[in-house]
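Summary of structural features
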Amino acid sequence: MATEDQQGAPSVVDRYYTRWYKTDLKSKPCEDHCVLQHSNRICIITLAESHPILQNGRQIKSINYQISANCSRLQNKVSGKSKRGGQFLTELAPLCRITCMDGEEYTVFSCIRGRLLEVNEDILTNPSLLQEKPSTEGYIAVVLPKFEESKSVTQGLLTQTEYEDILSKRRSTTPEPCS
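One structure accompanies this document, and this report is about it. Since the structure is predicted, the reported quantities are computational estimates derived from the model, not experimental observations.

1. As for the sheet that holds strand β2 (residues 33-38)
Sheet architecture is open: six strands sit in the order β1-β2-β3-β11-β10-β7, paired in antiparallel fashion. With partners counted over all chains shown, the strands left at the sheet margins are β1 (17-22) and β7 (88-89), one partner each. Bridge count between strand β10 (residues 114-119) and strand β11 (residues 141-144): four bridges; the pairing is antiparallel. Across the sheet, residue Val119 finds its bridge partner in β11, namely Ala141.

Shown next, in the form of C-alpha cells:
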C-alpha cells in the first residue's frame, strides 16, 4: 500500500522545479537540453530525455569540462553571498564535452545566461549517473542568472508541453528520430 502512495507522489524535481527545454541546439537534431529552474532563480542544466546519449543504451567513454586550452569549467571558483568569481556564461557557452564508446561526441551548452556556480564532478568518476539519473545526481552544472534577468532567462526555451509536442511531431515524421 505504501508503494502505491509513493508512486503517485511527485518527485522533488517535479515539485520544486520548472522544466524548460532547448531543442536541436546548434542545428543538431535531437540534441536537446533541459533547464530545471527553481523559484530561487537557480537553474540546473541537464540532458533532456530525448538526447541521443540517453537513447539506445549508449555508453559514455569520457566527460571533459576542459572547453579550450585556457578554459576549464573545473577551475570555476565562487565565493561569498553574491557568488563572486564564477565564470559568466552566455546561452551557447559550452559546459562540457561527452564522448561515447561509439566515437560520437556531444557538447553540452548552458542554454541560459548566468554565472556558473558549480559543475558536477561526480559524473567524471561515475558517468553512468548521467544516464541513470539525468535530472538529479546526473546533472551537468548549476547556473545562477542575474537577478534582473531571472524572469527573461527562459525566453527562447520551451515549456514541458511545447517540448512534448515537438517530440510527438518527431515521432510522427520519423520512426526513430533520435537514434
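2. A short note on the environment of His38
With respect to the secondary-structure elements, His38 resides in strand β2. Between the C-alpha atoms of His38 and Val78, which are 40 residues apart in sequence, the distance is 20 Å. Setting aside residues up to four positions removed in sequence, His38 forms contacts with Tyr16 and Tyr17. Looking at His38, its side chain comes within polar contact range of the side chain of Ser39, at 3.5 Å.

3. A few points about the side chain of Thr107
With respect to the helices, strands and loops of the structure, Thr107 is situated in strand β9 (residues 105-109). Thr107 sits in the buried class, given a relative accessible area of 13%. Residues within four places of Thr107 in sequence aside, it is in contact with Glu31, His33, Pro94, Cys96 and Arg97.

The rules we used
Residues numbered from 1 in each chain as written. Predicted model: local features only at pLDDT ≥ 70, side-chain atom pairs only at ≥ 80, totals over all residues. Heavy atoms only, no water. Pairing = 2+ DSSP bridges. Helix = DSSP H or I, 4+ residues; strand = E, 2+ residues; numbered from the N terminus. Contact = heavy atoms within 4.5 Å. Polar contact = N/O pair within 3.5 Å; in protein donor to acceptor, adjacent residues only side chain to side chain. Buried < 20%, exposed > 50% of the residue type's maximum accessible area, 1.4 Å probe, protein only.

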